[in-house]
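Spelled out from the first residue to the last, the chains are:
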Amino acid sequence: MLRRFSNSRTFQDNLRLGVFTAIIAGMVNVASLVLFYSFTSNLTGHFAILAQEIADGKWFQMLVVVFWILLFFSGSFLSNNLIINSTKKNAFVSHSIPMVLEILCFVFVGIYGQFFYTETLTQTEILVSVLLFSMGLQNGLTASISNFQVKTTHLTGLTTDLAIHLSMLTKKKYRMNAQLVEKTKLMAAIMGSYLIGGIFSGLIIHYVQFQVFYFISAAMLGVLTYDFAKTYIPFFVNKKKHETTLKLNLEKIQDTIKNTTKKGSVLSESKN
Amino acid sequence: MKRKMVISACIALLTLSSFGYYVFSHSAYPEVAIVGEWKEVSWVYDRNNVDEKVKQEIGTDERVDIANHLVIHQFENWTFRKNYSIKLHEQTGKEHQAKWRLKDRGRILTLLNDDGTTEVYSVESLKKNELVLHFDTDVHARGIVKITLKKIN
């Protein structure tokens, strides 16, 4: 899911990435809405609120929104920076760092929310900030590694694109275009997954409250581990196989040399 | 090149942290501003009927009809305390205690009653001497009833 980069990614790679991260985004957004009465996976609303706060002259409230937007921006910036500075050798590690940071953000929100949160306004705003940063990380990561094919945290653009693609598919000549069909499937899958994540979060949030973030972190950790295993286990297995084959070949060669030497000495003895 | 990048990252992190510190050290303003005693001065529908030029005051009986699931229709004075407790009271001595919290940059006021129920109000405006609430609203839609309170203490 995270190993391949840009054009070397297959449709299946992008589909898996899109579905998984959209579920996470949907879950986080609904959780933050229920717990903090604030959205964290989309920024369109925050930009509208920012404009309203400026118009109303509410400067400190405006600064909070500016800070939230900046954090989302920083998350995406950091993700992409890590990716573009990675080499082929450490691609998996570089692609994993944003996800690890995201997990840390969720664990922090979970622990703080469960044990220390007293529902003050400052605490609420800080926790929303952390979630916005994590969503920025995720959006930056998915968009960067998929060559902007996968964006999972905002559905306005996705809905527009999906509508355009679907309208194009009403014509036969576009239906023949495999790339277009795949892109449509990908967008529909992202939209559905976001909704499923949101519904699931909405169903469990009243029972588990902040612990929902542990669940999300565990799921992400699972995916990271799976990807790690898929990346490195074949490497180690092949390495071991390679070493065993080398060893066998070496033994064979040594045996052949030994036999040849033996035969040579027997022949020379018989000649004598 | 790497050194330059590290320095730039440190500067960016420092700037962002300082900005965050500044923002959050002032963000408690709505929680400070709301503390005190407030008196209801009007209950009106936020949207008028077509033939009404002036917003119609909602009468006491109507308040009971539209807000019977909320405690606020029974009281005219609201006292927000620093310790996040709120006393809703009448001059007759009748009172109701609850906990208050502000969410989403102070735009949402929640009242947590002792029976575990939560009432959610949208804070339309919070000024030094005036508090305007909308109620019976979800997070985004504008509320249908607008309650205006004046600070008296």
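Worth saying up front: this structure is predicted, and the values here are computed from it rather than measured.

1. Description of the packing of aromatic side chains
Working step 1: The full count for this structure, using the stated rule, is 17 aromatic pairs over all chains.
Working step 2: Each ring, one from Phe108(A) and one from Tyr112(A), has its centre 5.8 Å from the other, and the planes form 35 degrees; the classification is tilted. Taken together, the residues span about one helical turn, with Phe108(A) and Tyr112(A) both in helix α4 (residues 91-115) at a distance of 4 residues.
Working step 3: Judged by relative accessible area, which is 23%, Tyr112(A) ranks as partly exposed.
Working step 4: Judged by centre distance (6.5 Å) and plane angle (65 degrees), the ring pair of Phe115(A) and Phe116(A) falls under edge-to-face.
Working step 5: For Phe116(A), a relative accessible area of 48% corresponds to the partly exposed category.
Working step 6: Following the ring pairs from residue to residue traces out a cluster consisting of Phe36(A), Phe106(A), Tyr117(A), Phe210(A) and Phe213(A).
Working step 7: One cation-aromatic arrangement involves Lys94(B) over Phe75(B); the distance from NZ or CZ to the ring centre is 5.5 Å.
Working step 8: The positively charged end of Arg101(B) is found above the aromatic ring belonging to Tyr84(B), 4.7 Å away from the centroid.

2. Some details on the side chain of Ser32(A)
All names here are of chain A.
Working step 1: Tracing the chain through its elements places Ser 32 in helix α1 (residues 11-36).
Working step 2: For Ser 32, a relative accessible area of 0% gives the class buried.
Working step 3: Only 2.9 Å separates the side chain of Ser 32 from the backbone oxygen of Asn 29, close enough to count as a polar contact.
Working step 4: Ignoring anything within four residues of it in the chain, the contact list for Ser 32 reads Tyr 37, Ser 38, Phe 39, Thr 40 and Leu 131.

3. A closer look at the confidence of the model for chain B
Working step 1: The predicted model of chain B averages 82 in pLDDT, with 87% of residues at 70 or higher.
Working step 2: Low confidence marks residues 137-143 of chain B, where pLDDT is under 50. Its contacts with residues over four positions away, or in another chain, come to 14 contacts.

4. Section: the pattern of salt bridges
Working step 1: Summed over all chains, the structure comprises 6 salt bridges over all chains.
Working step 2: Ionic pairing is found between Lys103(B) and Glu119(A), a salt bridge with its closest N-O pair at 3.0 Å. Placement of the pair is Lys103(B) in strand β4 (residues 95-103) and Glu119(A) in the loop between α4 and α5 (121-145), with the two residues belonging to separate chains.
Working step 3: Residue Lys103(B) is classed as buried on the basis of its relative accessible area, which comes to 5%.
Working step 4: Classification of Glu119(A) as partly exposed rests on a relative accessible area of 23%.
Working step 5: Residue Asp104(B) pairs with Arg105(B) through a salt bridge whose shortest N-O separation is 3.9 Å. In this pair, the class of Asp104(B) matches that of Arg105(B), namely buried.
Working step 6: When salt bridges with common partners are traced through the structure, they connect Glu53(A), Asp104(B) and Arg105(B) into a single cluster.

5. Focus on the sheet that holds strand β5 (residues 108-113) of chain B
Residue and element names in this part refer to chain B.
Working step 1: Pairing is antiparallel around the closed barrel formed by 8 strands, whose spatial order is β1-β2-β3-β4-β5-β6-β7-β8. Sheet twist, expressed as the mean angle between neighbouring strand axes with direction ignored, is 35 degrees.
Working step 2: Two strands pair when backbone bridges link them, and strand β2 (residues 77-80) and strand β3 (residues 85-89) are joined in this way by 4 bridges, in the antiparallel orientation. Its bridge partner lying in β3, Trp 78 is registered against Leu 88.

6. Points about the state of the cysteines
Working step 1: Going through the model one piece at a time under the given rule, you end up with 0 disulfides over all chains.
Working step 2: With no disulfide of its own, Cys105(A) has Cys10(B) as its nearest cysteine by sulfur position, at a separation of 19 Å.
Working step 3: Among the residues examined, Cys105(A) registers a relative accessible area of 10% and is labelled buried.
Working step 4: You can call Cys10(B) partly exposed: its relative accessible area is 47%.

What counts, and where the lines are drawn
- Residues numbered from 1 in each chain as written.
- Chains lettered and ligands numbered in written order.
- Predicted model: local features only at pLDDT ≥ 70, side-chain atom pairs only at ≥ 80, totals over all residues.
- Heavy atoms only, no water.
- Phe/Tyr/Trp six-rings, centres within 6.5 Å; stacked < 30°, edge-to-face > 60°.
- Helix = DSSP H or I, 4+ residues; strand = E, 2+ residues; numbered from the N terminus.
- Buried < 20%, exposed > 50% of the residue type's maximum accessible area, 1.4 Å probe, protein only.
- Lys NZ or Arg CZ within 6 Å of the ring centre and 35° of its normal.
- Polar contact = N/O pair within 3.5 Å; in protein donor to acceptor, adjacent residues only side chain to side chain.
- Contact = heavy atoms within 4.5 Å.
- pLDDT = per-residue confidence, 0-100.
- Salt bridge = Lys/Arg side-chain N within 4 Å of Asp/Glu carboxyl O.
- Pairing = 2+ DSSP bridges.
- Axes fitted to C-alpha atoms, helices over the stretch in contact; angles between N-to-C directions.
- Disulfide = S-S within 2.5 Å.

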